[in-house]
Amino acid sequence: MRRILVTSALPNANGAIHLGHMLEHIQTDIWVRFQRMMGNQCIYVCADDTHGTATMLAAEREGVTPEALIERLRAEHAEDFRRFHVSHDNYYSTHSPENEHYNREIYTRLAERGYTYTADVEQLYDPVRKLFLADRYLKGNCPRCGADDQYGDNCQECGATYDATELVEPRSMLSDAEPELRNSTHYFVDLPQFADFLKEWTATEAVQSEVANKLAEWLTGGLKAWDISRDAPYFGFRIPGTEDKYFYVWMDAPVGYMASFQNLCDRTEGLEFDDFWRPGTQAEVHHFIGKDIINFHCLFWPAVLSGSDFRTPTKVHVHGMLTVDGKQMSKSRGTFINAGTYLEHLDPEYLRYYLATKFGGNTDDMDFGLDDFVQRVNADLVGKVVNIASRCAGFIGKNFGGRLAGDIRDTELWDAVSGAGDELAELYESGDTGRAVRRITALADLGNRYIAEHEPWKHLRDPDRRDEVHGVCSLGINVFRALAVYLKPILPAMAEKAEGFLRVEQLAWHDAATPLLDHEIDRFKPLFTRIDKKALDKVIEATRAEAAEASAAQESHTVGIDDFQKVDLRVAKVLAANFVDGADKLLALDLDVGDHQRRVFAGIRSAYDPAKLVGRLVVVVANLEPRTMRFGVSEGMVLAAGPGGRDIFLLAPDAGAEPGMQVT
RNA sequence: GGCUGCGUAGCUCAGUUGGUUAGAGCACAGCAUUCAUAAUGCUGGGGUCGUUGGUUCAAGUCCAACCGCAGCUACCA
């Protein structure tokens, strides 16, 4: 029995799970379920990737703590995956004590062995927001071609790459302030010391050949030291021995795989962390990732592991990106589909099956063709596979008491179907489920052809041919059963229904090799319904609507008077103001809006004493969609100016204004 | 700009080390069938294999340039 630990890349705690995430988790889950069906021990862990400046800023915008924000998203993400039948053994968080423990341990070991050092770095600093700016938060003019509005790493116009400090007329995207050049001490992993190790490691079976080719670019071009620290304020783990330095999120994210596993071990008898992570163990570790994060998983991660005396990954399975109708997923086209939106209208197994037809175990991009999706799923699953059971079950039930024949009538067909197991197993193992599905549907074609040739409906009336009819239909059911086994890693829910129909225990891989004989089965109920194209259209419409809402809210620089008039601004009087338990940025305000009262949570605690707010007038957005926060529902928004922190200034109408008056 | 990979019928994809008239499924057309969720079976039309040039007796397959797509380019998580 193999002992295997499997991971999918950690989704970021800054948005909903979408089809791109689902692609990776479905691919991983198919492989995991296949391994379990083969009788291997296969543990599948994942987590939300929670740290970084983005989380900090998002929490600030929502007026909640980062901890509250990431826990809400973690729960949502875990639920989305569960509903798609993704069988994580643990879906954890990188913001966990286990993760902090292993980050410290890894860092300490690296430092002890001389793999780390510090150096001063010149970096752009936002004097208003008081933080160092990552490239993505900087814009300016390209130092080479002069194009304006370019990010801090490279130019979209001329393709030049440069350092953020070279930008002409740089601006902070957070405050629009002109950044200052400041010095800061940073911590580095001395990657060049791992060059020989990495050259060796990337030449093994651990990575696909095209991935090794890509990695050769870094390995032959010369590795640079890796900057693993960030300055406060930063949402993350503090580096041991420092006051204001934090681990860069890409340092602690992969360690999150270990942390999630440790957390599972702590509540699972017989599961030992060291069995999987000590050097030289026979247990396997497999990572599934997209081609966008190859360098983190195939350079930094194995180097860090080997330098801190942990085992290195058995294999990194890299997949390509998902396009929809041949183009990048796009919010305006309605193709940036969230998992939750999909689930409102469609069965998750449609997507699992369709994506399975696309996986080839390589890094090619995969296209989600909307029409193709509908046709492929309906034709293959309903028309071919399930149809075999559907057309045979009636005969068995009505004429033979629901009992299958005692022997296999035609060994040629049965041998072809039952004998495909080894080949299919190899295809699943290598990740080529596309080819596996093609082989399986070809077997279904054999089954349907066999039934058509033997025309059981014609011979049913002939008492001399009763046995023949019984044998043909029983074989049909057995073909279906084998196909259900072969498809079970992809379609677990369908397989479960099939188990009920066949009245059998959980199907394992080897069950496909032995037929079900002289066995009573249940009445047939539809195992799979066809996709209605209209349901898919609704998904696209809903996605487009979500996007329109979001972009209307933030994108346009100028608004028409119509847009402005949609905002219902009212004068309100503060009746009560209170601290909120567990929220360090919020105040709960009870407002008199003229004809009624309402409660609003405002992120102004850092600047206002609640006692001094009572009785004063403020301006409130009265028709803002109510937002459910951890502490209750916020029904509106109080207007204020300023960058935040101590500098928040509430708007106030002049004397004479009354609660409820509209602001125009 | 550099790097990795991809570009084959209307659509989604197969095409091993270059070797006879380039394949499958879906879609489409015709026929058959009616057991089955308008499901199935048989037959058929449809491609100058992204473009151009080269190597070779022979190129979808090897080489070069160009075009298009995706990703990376070390601070995008």
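Residues numbered from 1 in each chain as written. Chains lettered and ligands numbered in written order. Predicted model: local features only at pLDDT ≥ 70, side-chain atom pairs only at ≥ 80, totals over all residues. Heavy atoms only, no water.

This part takes up the pattern of salt bridges. Between side chains of opposite charge, pairing is possible as soon as their charged atoms come close. Evaluated as defined, the whole model comprises 35 salt bridges. One salt bridge connects Arg352 with Asp29, and the closest N-O pair in it is separated by 2.8 Å. Pair noted here: Arg352 is in helix α11 (residues 348–356) and Asp29 is in helix α1 (residues 19–37), with a separation of 323 residues, a long-range link. The class of Arg352 is buried, set by a relative accessible area of 0%. (Salt bridge = Lys/Arg side-chain N within 4 Å of Asp/Glu carboxyl O. Helix = DSSP H or I, 4+ residues; strand = E, 2+ residues; numbered from the N terminus. Buried < 20%, exposed > 50% of the residue type's maximum accessible area, 1.4 Å probe, protein only.)

Counting residues in each nonpolar core, the largest one holds 162 residues, and the members touching the most others are Trp226, Phe261, Trp277, Phe373 and Tyr486. Per-element tally for this core: the top contributor is helix α12 (residues 370–399), with 14 residues. Once residues lying within four places of it in the same chain are set aside, the contact partners of Phe261 are Leu5, Ile43, Val45, Leu271, Glu272, Phe273, Phe276 and Trp277. Grouped together as the second largest cluster of nonpolar side chains are 24 residues, Ala13, Leu131, Ala147 and Leu167 included. (Core = buried A, V, L, I, M, F, W, Y, C linked by side-chain atoms within 4.5 Å. Contact = heavy atoms within 4.5 Å.)

Two modes of strand pairing occur in sheets, parallel and antiparallel, and in both the strands are linked by backbone hydrogen bonds. Judged by pairing direction, the sheet is mixed, and its 3 strands sit side by side in the order β16-β15-β17 without closing on themselves. The open sheet terminates on both sides in strands that have one partner only, identified here as β16 (327–328) and β17 (366–368). Pairing of strand β15 (residues 322–324) with β16 involves 2 bridges; the strand directions are antiparallel. The partner of Thr323 across the bridge, within β16, is Gln328. (Pairing = 2+ DSSP bridges.)

Take the packing of α12 against helix α17 (residues 466–487) next. Remark: α12 packs on α17, axes separated minimally by 9 Å, with the N-to-C direction vectors making an angle of 140°. It follows from the interaxial angle that α12 and α17 lie oblique. In this structure, α12 crosses over α17, and the sense of that crossing is left-handed. Where α12 approaches α17, its residues Leu381, Val385, Val386, Ile388, Ala389, Cys392, Ala393, Phe395, Ile396 and Asn399 are matched on the opposing element by Arg466, His470, Cys473, Ser474, Gly476, Ile477, Val479, Phe480, Leu483 and Leu487. Taken together, the residues that form the contact of α12 with α17 break down as 15 nonpolar, 4 polar and 1 charged. (Axes fitted to C-alpha atoms, helices over the stretch in contact; angles between N-to-C directions. Parallel < 35°, antiparallel > 145°, perpendicular 65-115°, else oblique. Left-handed = near helix turned anticlockwise from the far one by under 90°. Nonpolar A, V, L, I, M, F, W, Y, C, P; charged D, E, K, R; others polar.)

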